[in-house]
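For reference, the chains in residue letters:
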Amino acid sequence: AAPGVSSAQESAPSSSARPLLSVDTTVKQTSRGRGHVVNVACANDNVLVATSRCFLIRYFWDEYGNEKVVEVEVVRGQDCRIVGLFVDPTASHVLVCVRVQGTHELHYLHRRWSKSRP
């Protein structure tokens, strides 16, 4: 090979190298019958799913790899829609932007709470 140019054989990763990213399918029915998925956010081994019926579903895994699920109804009512979902890097604090009857509300949810607060 020319100086400064490596051959494809030299630059190819070895078969024993770990992949940089690995994705496993663990959730089969993401929205759990609470409408269709409208937003998803993830942080710190937590996956948060916002649904069209204004539910927030938190998936997380315990130290043994068992899946845990927590469902929270953010707003009750027919005319609501989650339009934004934001989570901090620790996944302890979640902000949910909801459109209710033409106006927008911002709701806060802590990891340990069973209800969101406007």
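Note: the structure precedes this text.
Residues numbered from 1 in each chain as written. Predicted model: local features only at pLDDT ≥ 70, side-chain atom pairs only at ≥ 80, totals over all residues. Heavy atoms only, no water.

Side note on the overall build of the chain
Line of reasoning, step 1. When helices and strands are tallied, the chain shows one helix and seven strands.
Line of reasoning, step 2. Written out in order from the N terminus, the α and β elements of the chain read α-β-β-β-β-β-β-β.
Line of reasoning, step 3. Carbon and sulfur atoms make up 50% of the accessible area of the chain, which amounts to about 8,400 Å² in all. (Helix = DSSP H or I, 4+ residues; strand = E, 2+ residues; numbered from the N terminus. Areas by Shrake-Rupley, 256 points an atom, 1.4 Å probe, with all protein chains shown as cover.)

Examining the layout of surface pockets
Line of reasoning, step 1. Empty space within the second largest pocket amounts to approximately 150 Å³.
Line of reasoning, step 2. Taken together, Val72, Glu73, Val74, Val75, Arg76, Ser114, Lys115 and Ser116 form the lining of the second largest pocket.
Line of reasoning, step 3. Among the residues forming the lining of the second largest pocket, the class breakdown is three nonpolar, two polar and three charged. (1 Å grid on protein atoms, 1.4 Å probe; cavity = no way out; pocket = protein on both sides within 12 Å on 5 of 7 lines; lining within 4 Å. Points joined across faces, edges and corners; volume = space filled by probe spheres on them. Nonpolar A, V, L, I, M, F, W, Y, C, P; charged D, E, K, R; others polar.)

Section: the packing of aromatic side chains
Line of reasoning, step 1. Counting across every chain of the model gives one aromatic pair.
Line of reasoning, step 2. On the basis of an interplanar angle of 85 degrees and a centroid distance of 5.1 Å, the ring pair of tyrosine 108 and tryptophan 113 is categorised as edge-to-face.
Line of reasoning, step 3. Owing to a relative accessible area of 25%, tyrosine 108 belongs among the partly exposed residues under this scheme.
Line of reasoning, step 4. Positioned above the aromatic ring of phenylalanine 55, the side-chain terminus of arginine 34 is 4.4 Å from the ring centre. (Phe/Tyr/Trp six-rings, centres within 6.5 Å; stacked < 30°, edge-to-face > 60°. Buried < 20%, exposed > 50% of the residue type's maximum accessible area, 1.4 Å probe, protein only. Lys NZ or Arg CZ within 6 Å of the ring centre and 35° of its normal.)

A closer look at the state of the cysteines
Line of reasoning, step 1. All told, the structure shown has one disulfide when counted by the stated rule.
Line of reasoning, step 2. Through a disulfide, cysteine 54 is tied to cysteine 80; the S-S separation comes to 2.4 Å. Placement of the pair is cysteine 54 in the loop between strand 2 (46-51) and strand 3 (55-61) and cysteine 80 in strand 5 (residues 80-87), with a sequence separation of 26 residues. A single burial state applies to cysteine 54 and to cysteine 80, both of which are buried. (Disulfide = S-S within 2.5 Å.)

Looking at the sheet that holds strand 3
Line of reasoning, step 1. Pairing is antiparallel across the open sheet formed by four strands, whose spatial order is 1-2-3-4. Strand pairing shows two members of the sheet lacking a second neighbour, strand 1 (37-43) and strand 4 (67-73), which therefore form its edges. Here the average twist between neighbouring strands, direction ignored, is 15 degrees.
Line of reasoning, step 2. Relative to strand 4, strand 3 runs antiparallel, the two sharing seven bridges. Counterpart to arginine 58 in the pairing with strand 4 is valine 70. (Pairing = 2+ DSSP bridges. Axes fitted to C-alpha atoms, helices over the stretch in contact; angles between N-to-C directions.)

Remarks on the pattern of salt bridges
Line of reasoning, step 1. Counted according to the given criterion, the structure contains four salt bridges.
Line of reasoning, step 2. With its nearest N and O atoms 2.8 Å apart, the salt bridge here joins glutamate 71 to arginine 34. On the criterion of sequence distance, the pair formed by glutamate 71 in strand 4 and arginine 34 in the loop between helix 1 (8-11) and strand 1 is long-range, its members being 37 residues apart.
Line of reasoning, step 3. Judged by its relative accessible area of 28%, glutamate 71 is partly exposed. (Salt bridge = Lys/Arg side-chain N within 4 Å of Asp/Glu carboxyl O.)

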